[in-house]
Amino acid sequence: MNSPYSDKVIQYFQNPKNVGDIEDPDGVAKEGSPACGDMVQLHLKVDEKTQLIEDIKFRSYGCASNIATGSIITEMAKGSSIDEAKEISWQQAADELGGLPAVKNHCSVLAVDALKEAIRDYEEKNGLIKEQLPTTIEVVKERLKHVMNPIHGLDVLHTNLISNIEIDNNIILIDVDLDEDHQFAPVVKEDILEKLEHRWDIKKVKVSFQK
Amino acid sequence: MNKEMVYLDNSAVTRLDKNVLKAMQPYFFDTYAVATSEFAYTMGIEAKEALNKARMKIAESLGAKKEELIFTSGTTESNNLALKGIMYNQKEKGHLIVSEIENFSVLNTAQRLEKEGYDVSYIGVDGEGKIKFEELKAEIREDTVLVSIQHANQEIGTVQNIKKIAKLLKDKNILFHTDATHTFRRIPIDVSEVPVDLITISAHTIHGPRGIGALFKKDSVKIQKIMNGGFQENNLRAGVENIPAAVGFAKAVELITEEENKKLKNMRDKLIERIEAEIDDVTLNGSRKDRIPQNANITFHYVEGESITLHLDMRGFAVSTGSACFSKSLEASHVILGIGGDHVRAHGSIRFTFSRYNNDQDVEKVVTAIKEVVENLREISPLGKKGSEKNEFSLQ
């Protein structure tokens, strides 16, 4: 039978590794949202002296590629240094899994993002981020690459969903090219806020839709 | 494919009944001519007689006359013919009303008509999927030509009170079309009692062949043809008649019994009862009372539908889901969203639809399987009691 999933994806889907929570994790992350149909949660334990990832656990609400990527990424990261783990790409994860269906990219990229976010969370909590860069349009764009356009399953920037970005007086103004009553409007807004609101030099994020 | 597969996706398509195939075969190999006029050759005359006999049998099952039945290629074409056929036939571009949980062949046809300059109103539904009757009344205008509201929903199986709708529209002199694809031969409609003007039916949901359906059109109602060509089907649907399929359709109609519908209803009720009793945090989508006998649609909270269907497939069960991941469009079910459900409710919804070829053991087997599958997926999920985000996403 011609399954869209590789044997390895199916294997991990049936028997995912490193599932669960870590008590008192050093870094946590949650990417995606139940509304989009996919969500990954990651917990990290980092050895303070060696900066090696001692333990890593994930949970997934999502489809087979989401579960399989969550599983493989934890296996790849476990035992490696946080700097090495940061470099793990979606492509490497996909290659390890023997490929992923193109239409499922957005489900699988979440796990990779979650790993990066969990490491960032660890670094922030431990004062490992030395310089706090000011929020520029470029920084906003970079963060928006982590917000999915649920219609296409790709990020909002690549799918031209963002029509304008402005930063004015520590306020970010973002225009979204989507009707305000579209079924995905609240989800997109929530995701954008989550990615930008916590920035150190930002007071407010305003997201506008088409009326 | 696994021969032991338990197929529970019968609202998508049903398995052809062997007796239907047997009835069709002579019209492929022996009487294979087109329907000719009675002045032509014998085989053509016989073919025509077979077509008319099939037409009569199907029309009778709706309480209609044989002249009122137009054969089409199925639900999609019948719905297109009803909506476009009526709207194109008006002198002025009129107003059309449809419900927002219709099949795509109604919704997308309505949207197409909108692009062509027709006004369309979309009627909302309540939490069970029943159309908001007051909203329908309020949307009716001077120039409203046609209302199209399905008899029952394809996903959640909710049956509309078409008697009430038909009466309202008759009083106001507005045409009424209903897509009865999922109720035909399951829940009776008699057009001599209920004033419906147009009805869509299809063979694929009742163990008949694919590629044939029909549109009942009251003989006083005028429509325009939407495909140009020959003069078949009373000059309303051009193209060589699909006589073997029409004969098969009539046979399929004949083979459905009241007893079979009772059996379907029992399987459905048993499935819902056991799932609700044995699995926590589930929601029945649709109406408990006004529901087609073959359909159960249930949301399993905290888990995603594509993962459920894939696990079930590996265990030999075919079901479908309203999850975005499952669909080609990556959009969540418009029906579940229409009944006021959120995306999470749509993503975790599973549709089980039964047929003649299912039995009580299938119900037992699928309940056992889905219990395990949902349990396993909830172990992984960050949501719900097992996950670390305890009940962050409230149940409806």
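Just above sits the structure.
Residues numbered from 1 in each chain as written. Chains lettered and ligands numbered in written order. Predicted model: local features only at pLDDT ≥ 70, side-chain atom pairs only at ≥ 80, totals over all residues. Heavy atoms only, no water.

Draft legend 1. Up close: the overall build of chain B. Each helix and strand counted, chain B has 14 helices and 13 strands in total. For 396 residues, the compact-globule formula gives about 21 Å, and the C-alpha radius of gyration of chain B, at 22 Å, lands near that figure. Overall size of chain B, expressed as C-alpha extent along the three principal axes, is 75 × 50 × 35 Å. For chain B, the residues scored as buried account for 59% of the 396 residues in total. Across chain B, the fraction of contacts at a sequence separation of at least 24, relative to all contacts at a separation of at least 6, is 70%. Looking at chain B as shown, the accessible area adds up to about 16,800 Å², and 49% of this sits on carbon and sulfur atoms. (Helix = DSSP H or I, 4+ residues; strand = E, 2+ residues; numbered from the N terminus. Rg over C-alpha atoms; globule rule 2.2 N^0.38 Å. Buried < 20%, exposed > 50% of the residue type's maximum accessible area, 1.4 Å probe, protein only. Contact = heavy atoms within 4.5 Å. Areas by Shrake-Rupley, 256 points an atom, 1.4 Å probe, with all protein chains shown as cover.)

Draft legend 2. Representation of helix α5 (residues 104-115) of chain B in the model. All names here are of chain B. Along its 12 residues, α5 runs 16 Å from first to last C-alpha, staying within 8% of the 16 Å computed at 1.5 Å per residue. Among all positions of α5, only S105, V106, L107, T109, A110 and L113 are buried. Where α5 is buried, its residues meet α4 (75-87), β3 (95-99), β4 (119-123), β5 (144-148) and α12 (334-338). (Expected span 1.5 Å × (residues − 1).)

Draft legend 3. Here's a closer look at the packing of helix α10 (residues 258-278) of chain B against helix α14 (residues 360-380) of chain B. Residues and elements named next belong to chain B. In contact at an axis separation of 10 Å, α10 and α14 are set at 25 degrees when each is read in the N-to-C sense. Considering their axes alone, α10 and α14 lie roughly parallel with respect to each other. Taken as a pair, α10 and α14 cross one another with a handedness that is right-handed. Packed against α10, whose contacting residues are M267, K270, L271, R274, I275 and E278, the element α14 presents D360, V363, E364, V366, V367, I370 and K371 at the interface. Residues that form the contact of α10 with α14 fall into these classes: 7 nonpolar, no polar and 6 charged. (Axes fitted to C-alpha atoms, helices over the stretch in contact; angles between N-to-C directions. Parallel < 35°, antiparallel > 145°, perpendicular 65-115°, else oblique. Left-handed = near helix turned anticlockwise from the far one by under 90°. Nonpolar A, V, L, I, M, F, W, Y, C, P; charged D, E, K, R; others polar.)

Draft legend 4. Summary view of the sheet that holds strand β2 (residues 38-46) of chain A. Residues and elements named next belong to chain A. Across the sheet, which stays open at both edges, the 3 strands sit in the order β1-β2-β3 with antiparallel pairing between neighbours. Either end of the sheet is taken by a strand with one partner, and the two such strands are β1 (27-33) and β3 (53-61). Shown here is a sheet whose adjacent strand axes are inclined to one another by a mean of 10 degrees, direction ignored. Taken together, the 8 bridges between β2 and β3 define a ladder with antiparallel strand orientation. Each residue of the ladder has a partner; that of Q41, found in β3, is R59. (Pairing = 2+ DSSP bridges.)

Draft legend 5. Summary view of the pairing of strand β8 (residues 213-217) of chain B. Residue and element names in this part refer to chain B. Counting buried residues along β8, 5 of its 5 residues qualify, which places the element largely inside the surrounding structure. Side chains of β8 alternate between two faces, with G213, L215 and K217 and A214 and F216 buried alike. Pairing geometry for strand β2 (residues 69-72) and β8, over 4 bridges, is antiparallel. Looking at the pairing, F71 lines up with A214 of β8. Bridging between strand β7 (residues 198-202) and β8 involves 5 bridges; their strand directions are antiparallel. Residue pairing in the sheet places I201 in a bridge with A214 of β8.

Draft legend 6. The sheet that holds strand β7 (residues 171-179) of chain A, seen in detail. Residues and elements named next belong to chain A. Here 3 strands make up an open sheet; going across it, the order is β6-β7-β8 and the pairing mixed. The strands lining the two open edges of the sheet, one partner per strand, are β6 (162-168) and β8 (204-210). Taken over all neighbouring pairs, the strand axes of this sheet differ in orientation by 15 degrees on average, direction set aside. Bridge count between β6 and β7: 6 bridges; the pairing is antiparallel. Pairing of D168 across the sheet is with I171, part of β7. Those strands touched by helix α6 (residues 137-144) are β6 and β7, and its axis lies near 135 degrees from that of β6. Lying over the sheet, helix α7 (residues 185-196) contacts β6, β7 and β8, oriented at roughly 160 degrees with respect to β7.

Draft legend 7. Structural context of unusual backbone geometry. For N169 of chain A, which is not glycine, the phi torsion reads 55 degrees and is therefore positive. Mapped onto the elements of the fold, N169 of chain A is located in the loop between β6 and β7. The exposed category is assigned to N169 of chain A, whose relative accessible area is 59%. Positive phi values are uncommon outside glycine, yet D281 of chain B reaches one of about 50 degrees.

On their own, these measurements won't tell you what the molecule is for.
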